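# Breakdown of the fold
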Amino acid sequence: MREGIFRMNEFEQSITINRAPEQVFKSVADIEKMPKYLPAFHRIERQAGERIRAEGEIMGYRFTQTGYCKSDDELRRMDFGSDDPAMSTGWLQVGPGPDLAAADVTVHLSLQIRPEQEEMIRTRFKNLEEMIGEGLRAALRALKNYCEAQEVSLDEADRAAST
């Protein structure tokens, strides 16, 4: 299929997490732990360099995808995407929150959808934008719960592991 028959959809959501930005980014940059807060992903593993492989299930559709995930610790940003042009690309940015002990997390998703996929989605959901938006909000709430449930700061955990 030619790329021109896809419809590009853009989605963005943000949330404030009551943990330091460095701690939140360290949590999200450990992509192999993503299934702990993104249940659609059953397994994510790093391959060579920025390459990743993901397995999961969305709306009853089981998938195995390869793609990339680039992390920039200094900018606290991750860029990700699938090798399949019909899947998504996007980014996640962790910035300072309303105070020093909080982080604002924004995720942006660019999703290319074939017309037949959109029709299938619309038979199950009233509105594509509502479905994806709620999915992103649920993922960010799960990330917030995951990060805020961590009792020990990641720096303390790193120091303890190195002794």
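Our structure's up above, just so we're on the same page.
In this report, we go over the structure that sits alongside the text. (Residues numbered from 1 in each chain as written. Predicted model: local features only at pLDDT ≥ 70, side-chain atom pairs only at ≥ 80, totals over all residues. Heavy atoms only, no water.)

## Details of the packing of aromatic side chains
Heads up, the rule is: Any two of the Phe, Tyr and Trp rings considered here, Trp counted by its six-membered ring, make a pair once their centres fall within 6.5 Å; the pair's planes then place it as stacked at under 30 degrees, edge-to-face at over 60, or tilted in between. Helix and strand assignments follow DSSP, with helices taken as H or I runs no shorter than four residues and strands as E runs no shorter than two, numbered in order from the N terminus. Each residue is assigned to one of three classes by its accessible area relative to the maximum for its type, calculated with a 1.4 Å probe on protein chains only: buried under 20%, partly exposed between the two thresholds, exposed over 50%. Two thresholds decide whether a charge sits over a ring: the Lys NZ or Arg CZ must be within 6 Å of the ring centre and within 35 degrees of the ring normal.
As enumerated under the stated definition, the model contains two aromatic pairs in all. Summarising the aromatic geometry, the rings of Y37 and Y146 are spaced 5.2 Å apart at their centres and angled 40° between planes, so their arrangement reads as tilted. In this pair, Y37 sits in the loop between helix 1 (21-29) and strand 2 (41-46) while Y146 sits in helix 3 (residues 128-149), placing the two residues 109 residues apart along the sequence. Take Y37: its relative accessible area is 5%, and that puts it in the buried class. Using a relative accessible area of 18% as the deciding quantity, one classes Y146 as buried. Geometry around Y68 places K70 over its ring, the cationic atom sitting 5.5 Å from the centre.

## Overview of the nonpolar core
The condition that has to hold: Remark: nonpolar core denotes a set of buried residues (Ala, Val, Leu, Ile, Met, Phe, Trp, Tyr, Cys) joined through side-chain atoms within 4.5 Å. Every residue pair with non-hydrogen atoms within 4.5 Å of one another is taken to be in contact.
Membership of the largest hydrophobic core comes to 33 residues, with the highest contact counts inside it found for V28, V94, V105, I132 and L143. Going through the elements one at a time, strand 1 (7-17), helix 1, strand 3 (51-58), strand 4 (61-72), strand 6 (88-96), strand 7 (103-113) and helix 3 are the ones with two or more residues in this core. Setting aside residues no more than four positions away along its own chain, I132 makes contact with F11, L109 and L111.

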